[in-house]
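Here is what each chain is made of, one letter per residue.
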Amino acid sequence: MRKKLVAGNWKMNKTYQDSKKLIKSIGNNLDEDTLSKIDVVICPPFTSLSRARKLTNKSKINIGAQNMYYENDGAYTGEISASMLKALGCKYVILGHSERRQYFSETDFTINLKLKKAIENELISIVCVGESLEQRENKIQNQIVKEQLTNCLTAIDRKDFNKIVIAYEPVWAIGTGKTATPEQANQMHIFIRETIEKLYNQDVSANIKILYGGSVNENNSQELFNQSDIDGGLIGGASLKPESFVKIILSAIN
Ligand code: PEP
């Protein structure tokens, strides 16, 4: 059985100082028993990663970054490498978030390069895919997601799938308050699993975690997480509110 995973994407929020309070209030409300039943990941901005690692060192809460670059090192001003994240104690990295695609010109091609580098450095990648509103209205969401998956996973070996999580995030649901219905989301998750089965095999597709992301909150999370193929969530706005984030985590194990 796939263990559920809930990841909080803080985006560009919280200073180094502010992050302490938020991490502590999340950590203080999750006991060891809960954390043995579910994988929890906090993804603060780069500037708070080391503080987050220190504050969670004694617990099973994992730390992830929101992005990285695909080269090892060198003259890439402003970028952060996979080995830097690893050295800081990060276990996860989010790759190809739709905001990175939209505002920073990320493409499936660069996401694929990043994924290869993350695997090389033993980071677990949360690879984001999802269609825009226009694409859904034109009923081409499956075609778009299949294309994103195929491109992002190009030349990835099946043995490395234990270091990959997929996040289905319809762009029209991110930060908009509009959530995909549990059925809509599950249908896409089933389609993603079928696509991965065709690209790899049944074993890979049955074991890969597929998260849903897009306006998940404490009121809709349980129904989403109860769906057959939804293995947890990538949470944006609600991960900045400790009470909501903890409730969302708890709803995944109830
Ligand atoms: C996200 O940032 O990945 C996200 C899903 O945001 P929100 O939960 O705010 O829609």
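Residues numbered from 1 in each chain as written. Predicted model: local features only at pLDDT ≥ 70, side-chain atom pairs only at ≥ 80, totals over all residues. Heavy atoms only, no water.

A. Layout of the site of the ligand. Taken together, 14 residues lie around the ligand, and Lys-11, His-97, Glu-169, Gly-175 and Ser-215 are the ones closest in. Residue Ser-215 places a main-chain N or O atom 2.8 Å away from an oxygen atom belonging to the ligand. When the free accessible area of the ligand is taken as 290 Å², the share hidden by the protein chains comes to 96%. Classifying every residue of the shell around the ligand gives four nonpolar, eight polar and two charged. (Near = heavy atom within 4 Å. Polar contact = N/O pair within 3.5 Å; in protein donor to acceptor, adjacent residues only side chain to side chain. Areas by Shrake-Rupley, 256 points an atom, 1.4 Å probe, with all protein chains shown as cover. Nonpolar A, V, L, I, M, F, W, Y, C, P; charged D, E, K, R; others polar.)

B. Region of the structure containing empty space enclosed by the protein. One pass over the structure, following the stated rule, counts one cavity of 30 Å³ or more. Quantified by volume, the largest cavity comes out at close to 30 Å³. Taken together, Gly-96, Ser-98, Arg-101, Cys-128, Val-129, Gly-130, Gln-148 and Glu-169 make up the lining of the largest cavity. For the lining of the largest cavity, the secondary-structure elements that each account for two or more residues are helix H5 (98–103) and strand S5 (124–129). Its residues assigned to classes, the lining of the largest cavity comprises two nonpolar, four polar and two charged. (1 Å grid on protein atoms, 1.4 Å probe; cavity = no way out; pocket = protein on both sides within 12 Å on 5 of 7 lines; lining within 4 Å. Points joined across faces, edges and corners; volume = space filled by probe spheres on them. Helix = DSSP H or I, 4+ residues; strand = E, 2+ residues; numbered from the N terminus.)

C. Quick peek at the packing of helix H6 (residues 108–120) against helix H8 (residues 141–152). Where H6 meets H8, the axes come as close as 8 Å, and the angle between the chain directions of the two elements is 40°. What the angle tells us is that H6 and H8 run oblique. Two packed elements cross with a definite hand, and for H6 against H8 that hand is right-handed. Of H8, the residues touching H6 (which contributes Asp-108, Ile-111, Asn-112 and Leu-115) are Glu-147, Gln-148, Asn-151 and Cys-152. For the contact of H6 with H8, the class distribution of residues is three nonpolar, three polar and two charged. (Axes fitted to C-alpha atoms, helices over the stretch in contact; angles between N-to-C directions. Parallel < 35°, antiparallel > 145°, perpendicular 65-115°, else oblique. Left-handed = near helix turned anticlockwise from the far one by under 90°. Contact = heavy atoms within 4.5 Å.)

D. The arrangement of the pattern of salt bridges in detail. In the structure shown here, the tally under the stated rule is 15 salt bridges. Measuring nitrogen to oxygen at the nearest pair gives 3.0 Å for the salt bridge that ties Asp-33 to Lys-37. In this pair, Asp-33 and Lys-37 are both assigned in helix H2 (residues 32–37), four residues apart and thus about one turn of the helix distant. Overall, the relative accessible area of 44% leaves Lys-37 in the partly exposed class. The salt bridge partner of Asp-229 is Arg-193, with a shortest N-O separation of 2.5 Å. Of the two residues, Asp-229 sits in the loop between helix H11 (221–225) and strand S8 (232–235) while Arg-193 sits in helix H9 (residues 182–199), which places them 36 residues apart along the sequence. Arg-193 shares its class with Asp-229; the two are buried. (Salt bridge = Lys/Arg side-chain N within 4 Å of Asp/Glu carboxyl O. Buried < 20%, exposed > 50% of the residue type's maximum accessible area, 1.4 Å probe, protein only.)

E. Spotlight on the packing of aromatic side chains. Counted according to the given criterion, the structure contains four aromatic pairs. Between Tyr-69 and Tyr-76 the ring centres are 5.1 Å apart and the planes differ by 50°, which places this aromatic pair in the tilted class. These aromatic residues form a ring-pair network of at least three members: Tyr-69, Tyr-70 and Tyr-76. Positioned above the aromatic ring of Tyr-16, the side-chain terminus of Arg-51 is 4.1 Å from the ring centre. (Phe/Tyr/Trp six-rings, centres within 6.5 Å; stacked < 30°, edge-to-face > 60°. Lys NZ or Arg CZ within 6 Å of the ring centre and 35° of its normal.)

The values are spatial; any link to function lies outside them.
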